[in-house]
Amino acid sequence: MSATFDFLKADFAATLFPMKTNLLVAEMHEKELSDYIYQKILDDKQGADNFLPQQRVYATKPLGHLRRTVKLDPVAEYFLYDVTYRNRAIFRPEVSNTRRSFGYRFTGGTHVPVHTAYSAYKQCLKDSNAQFKNNLQFDIASYFNSLYHHDISHWFAAGPGVSEIDNNALGKCFREINAGRSVDFLPHGIYPCKMIGNEFLKLVDLSAQLKSSVLVRFMDDFTLFDDDPDVLRQDFLRIQQLLGQFGLNVNPSKTFYNKSIGDVEEKLTALHESLIEIVEEIHEVQGASGVDFVGIENEVATNLTDDQASALLALLKDESLEEADADLILGFLRSHSDSILEHLPTLLRKFPNLTKHIYSICSTVSEKADLAAVLLQHLKKEAFFLEYQLFWLAALIEDHLIGHGCYGDVLMRIFELTQDFKIARAKVLEVPEQGFGFKEIRGEFLKTGQSDWLSWASAMGTRSLKAAERNYVLDYFSKGSPLNYLIAGCAKKF
């Protein structure tokens, strides 16, 4: 396997909508995938082959907010991992000891894990806060959705060692995956794009106009430190003017002078106080762009006593429980996952943003049939779902519940609920379950000649069929488009 595939695989589980189709095509069919990109799509003489416009999706954020982005197909996704990995030298360390930036780059040949970078960032904030009298915190409003295609293209072209071929290729990719729109083009949730977004803002770190003693940044979250409050205010104006040249604006609702900085806020809610009484090592993690809640130290979670676990479970019953608090509690309860079952209906109903976290927790639930029954009841009882919820519930079935209890009924219920959600429905179709009518459902998508996520995922969902039956339906599907042909070739290798 190539280093590009290793990069993609290592980041796969952390992405917003990880489709197994993309991972399997990169793993089983990488040479053909790479050849198609570099010999067909990026060859000006091959006018019929291009990057395709991508499927719009919405991931959940805290407090009912949505993160608008796209789910990349196997070709576009692989290309972004490949072009950023090969040009990883342009993603540099922080500018200096007083102009600090964390995360989203390579060191020692591997990408820096987000939780490692975020821990270092929090420690830097803590140290700087102890050193200086004043601070100013702010972030950029809708940063990824506000970036302009040509600004990123010009930045990439100026990178040391970036070839004209790669520069033109990245520009073509960003232009075509967004159907020509020059803004709102940068996909969220995948490490290559986080690298790009983080490195682009080094233009602020490098500005000689800034006079603050220390600047600390994690992606688009900035904190300035100095003893003189006037210096902070002047720099804040300068940074806004600098960002304004690229059509970027600071978020007024997240701008704070001398806000308390630390692992836990000074003014704690009663619930936070209860949490700290139960587990002294608790760390409150503020949401950074693309991070949300980075997680809890594993050694704390695995060392919980039964009394501590019971106390945390009791807190889940609190009607005033907030999303951030529920996320923290779930983090501590990873090693006590069976006890989560009775609380799952409440968590699923109240906190759709935590569905991915619930997916992780449920990986160690031993009563799998009971878990499937809880999920089915929830899916039948509730009337409104978001695509992100249904996607991760389908992933939960595929990775943790196949063969247990009423898993087939749960999978079919998710399929029925995803009529308006193409990516969540595709997630169901790529699960290699041939019973419960799924083989026939996939057959309908494969025989129409369509080339979209529903047919690509259906093709990959045939991988558990016997070769003769599988290859027969894939032969006709493969004639629909070059990408159909590519995915069919991969599925036939199983």
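A short tour of the structure in this document, coming up. Because the structure is a prediction, the values reported are computed rather than measured. (Residues numbered from 1 in each chain as written. Predicted model: local features only at pLDDT ≥ 70, side-chain atom pairs only at ≥ 80, totals over all residues. Heavy atoms only, no water.)

## Examining the sheet that holds strand β7 (residues 214-218)
Strand pairs in the sheet, formed through backbone hydrogen bonds, run parallel or antiparallel to each other.
Here is step 1: Strand order across the open sheet formed by 5 strands is β3-β7-β8-β6-β9, with mixed pairing between neighbours. Of all strands in the sheet, those bounded by a partner on one side alone are β3 (99-102) and β9 (256-257).
Here is step 2: Bridge count for strand β6 (residues 134-139) against β9 is 2 bridges, and the pairing is antiparallel. The residue of β9 that forms the bridge with Gln137 is Phe256.
Here is step 3: Where helix α5 (residues 114-131) meets the sheet, it contacts β3, β6, β7 and β8 (221-226), and its direction lies at approximately 155° from that of β7. (Pairing = 2+ DSSP bridges. Helix = DSSP H or I, 4+ residues; strand = E, 2+ residues; numbered from the N terminus. Contact = heavy atoms within 4.5 Å. Axes fitted to C-alpha atoms, helices over the stretch in contact; angles between N-to-C directions.)

## Observations regarding the pattern of salt bridges
Here is step 1: Considering all chains together, one arrives at 25 salt bridges under this definition.
Here is step 2: Where Glu94 meets Arg100, a salt bridge forms, and the shortest distance between an N and an O atom there is 2.8 Å.
Here is step 3: Residue Lys447 is joined to Glu444 by a salt bridge in which the shortest nitrogen-to-oxygen separation is 3.7 Å.
Here is step 4: Judged by relative accessible area, which is 48%, Glu444 ranks as partly exposed.
Here is step 5: Taken together, the salt bridges that share partners define one network made up of Lys20, Glu398, Asp399, Lys427, Glu430 and Arg463. (Salt bridge = Lys/Arg side-chain N within 4 Å of Asp/Glu carboxyl O. Buried < 20%, exposed > 50% of the residue type's maximum accessible area, 1.4 Å probe, protein only.)

## Some points on the packing of helix α18 (residues 368-381) against helix α19 (residues 387-401)
Here is step 1: The interhelical angle for the contact between α18 and α19, taken along N-to-C directions, is 160°, at an axis separation of 12 Å. By the criterion of interaxial angle, the relationship of α18 to α19 is roughly antiparallel. In terms of crossing hand, the pair formed by α18 and α19 is left-handed. Touching Lys368, Leu371, Ala372, Leu375 and Leu379 of α18 are Leu390, Leu393, Leu396, Ile397, His400 and Leu401, all from α19.
Here is step 2: Residues of the contact of α18 with α19, tallied by class, amount to 9 nonpolar, 1 polar and 1 charged. (Parallel < 35°, antiparallel > 145°, perpendicular 65-115°, else oblique. Left-handed = near helix turned anticlockwise from the far one by under 90°. Nonpolar A, V, L, I, M, F, W, Y, C, P; charged D, E, K, R; others polar.)

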